[in-house]
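# Reading the structure
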Amino acid sequence: MESLEKKKTIFSGIQPSGILTLGNYLGAIKNWVKLQDEYHCYYCVVDMHAITVRQDPAELRKRTLDVAAIYMASGIDPKKSVIYVQSHVPQHAELCWILNCYTYLGELSRMTQYKDKAAKHQDNLNSGLFTYPVLMAADILLYQTDLVPVGSDQKQHVEITRDIAIRFNRLYGGVFTIPEPYIGQSGARIMSLQEPESKMSKSDPNPNGYISIIDDPDTICRKIKRAVTDSDGEIRLDAEKKPGITNLLGIYAACCEISPKQAEEEFIGKNYGLLKEKVSEAVIGRLAPLQEKFKQIRSEKGYLEDILHENAQTAQQAAIRTLRKVHKKIGFVAK
Ligand code: TYM
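Below, the structure is looked at part by part.

Calculation rules
Residues numbered from 1 in each chain as written. Predicted model: local features only at pLDDT ≥ 70, side-chain atom pairs only at ≥ 80, totals over all residues. Heavy atoms only, no water. Helix = DSSP H or I, 4+ residues; strand = E, 2+ residues; numbered from the N terminus. Buried < 20%, exposed > 50% of the residue type's maximum accessible area, 1.4 Å probe, protein only. Polar contact = N/O pair within 3.5 Å; in protein donor to acceptor, adjacent residues only side chain to side chain. Contact = heavy atoms within 4.5 Å. Salt bridge = Lys/Arg side-chain N within 4 Å of Asp/Glu carboxyl O. Pairing = 2+ DSSP bridges. Near = heavy atom within 4 Å. Areas by Shrake-Rupley, 256 points an atom, 1.4 Å probe, with all protein chains shown as cover. Nonpolar A, V, L, I, M, F, W, Y, C, P; charged D, E, K, R; others polar. Phe/Tyr/Trp six-rings, centres within 6.5 Å; stacked < 30°, edge-to-face > 60°.

### Re the side chain of threonine 52
With respect to the element layout, threonine 52 can be found in the loop between helix H3 (47-50) and helix H4 (57-73). On the accessibility criterion, threonine 52 (8% relative accessible area) is buried. Among the polar contacts made by the side chain of threonine 52, one reaches the main-chain carbonyl oxygen of histidine 49 at a distance of 2.7 Å. With sequence-adjacent residues up to four places away left out, threonine 52 is seen in contact with Lys117, Asn124, Asn126, Gly128, Leu129 and Tyr132.

Here's what the structure looks like:
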């Protein structure tokens, strides 16, 4: 217990808003697994974030369990890390409300994810979409988090979390730990296979744009074979002029635990066909064992639900400690 308390804390989460992609795996989960021995980790399935966009209730329920099972199948051990569902710990919503009162409309309107999502969901511009980063700040600050391992698209959200925490601490003294983002050297931004100028996303309507974590080997090979490249035939890193090839090298590097530069050197003088073959092999090599475990965990529903229930209780104890401190500082009367 003592050594556990000395460890620094990690918090991260994924929305169960679609089938997870290779981007989620390489940008986030892969790093979570590596960090779990050194840190005290909370890995959350953020279902409350997912409802900022309309979800089918039965699908949301299923996907929430799928995401938790993917965490475990990837190697996150629920005995070492706290794997749980956000809505099982109501303190997230409670702290979110309080932090809403310390966050400015101007700073929320500068969030690029909000601007992107607002453009895509004109028919449902709900206020949850706008205050989404405040809920994310609550997630992180509730556990006195030191480090937040995410893909590069979430960096701005970790920055606003820091701003809110610093503002709160200035007003009331040291309440929150100020978190740092942790972004891996490869895989931090995996791009779409069809439009390599845009991020690979689980909400892409074109399934050829993304590789799902549970795609079978044939599907993976087919999608990579169809990946958009260019016509100059040279394999080198150049995100601006050669986004497709740069993305394939990035995927290869992240799967093989090497840097993109090392991947580039490995393929100097080779052709695109060979690159695609090797990328497919590397992706299948990473995902096949995970898929086996996923099927097994998902077939034992009671087991997964028991783990989530137990872990939510552990998370809640830590969350209550922070919230008590916050209540006292801002002047709420103790219960
Ligand atoms: P979400 O669900 O969009 O994505 C989950 C994680 O996957 C990373 N990611 C990617 N990394 C590389 N390439 C990609 N194409 C790619 N697509 C997604 C994301 O950067 C993220 O790390 N707001 C968050 C969820 C969240 C959260 C939190 C994260 C809620 N509360 C607290 C950290 C801490 C989100 O929408 O992630």
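### Considerations on the pattern of salt bridges
Across all of its chains, the model carries 19 salt bridges by this definition. Residue aspartate 66 is joined to lysine 62 by a salt bridge in which the shortest nitrogen-to-oxygen separation is 2.9 Å. A residue pair is termed a helical-turn pair when its members lie 3 or 4 positions apart in one helix, as aspartate 66 and lysine 62 do in helix H4 at 4 residues. Overall, the relative accessible area of 13% leaves aspartate 66 in the buried class. Overall, the relative accessible area of 42% leaves lysine 62 in the partly exposed class. Among the ionic pairs, aspartate 238 bridges to arginine 236, the shortest N-O distance being 3.3 Å. Relative accessible area serves as the criterion here: at 18%, aspartate 238 is assigned to the buried category. Through salt bridges with shared partners, one network takes in Asp230, Asp232, Glu234, Arg236, Asp238 and Lys242.

### Considering the pairing of strand E2 (residues 40-45)
For E2, the buried fraction is high: 6 of the 6 residues fall into the buried class. When strand E1 (residues 9-14) meets E2, the two strands line up parallel, connected through 6 bridges. Looking at E2, one finds that isoleucine 14 is bridged to valine 45. Pairing geometry for E2 and strand E3 (residues 82-85), over 4 bridges, is parallel. Each residue of the ladder has a partner; that of cysteine 44, found in E3, is tyrosine 84.

### Here's the deal with the site of the ligand
Taken together, 28 residues form the shell around the ligand, and within it Gln15, Tyr132, Asp139, Asp153 and Ile190 come nearest. At 2.8 Å from an oxygen atom of the ligand is found a side-chain nitrogen or oxygen belonging to glutamine 15. The separation between an oxygen atom of the ligand and a polar side-chain atom of lysine 202 is 2.9 Å. Coverage of the ligand by the protein amounts to 98% of the 710 Å² it exposes when considered alone. Of all the secondary structure elements, the ones that give two or more residues to the shell around the ligand are E1, helix H2 (22-35) and helix H8 (127-142). Grouping the amino acids of the shell around the ligand by side-chain chemistry returns 12 nonpolar, 11 polar and 5 charged.

### Points about the packing of aromatic side chains
Evaluation of the coordinates by the stated rule reveals 11 aromatic pairs. Between phenylalanine 168 and tyrosine 172, the aromatic rings sit 4.8 Å apart at their centres with planes inclined by 50°, giving tilted as the arrangement. Taken as a pair, phenylalanine 168 and tyrosine 172 lie in helix H9 (residues 155-172) at a separation of 4 residues, close to a single helical turn. Phenylalanine 168 sits in the buried class, given a relative accessible area of 0%. By the ring-pair criterion, three or more aromatic residues cluster together here, those being Phe11, Tyr42, Tyr84 and Tyr143.

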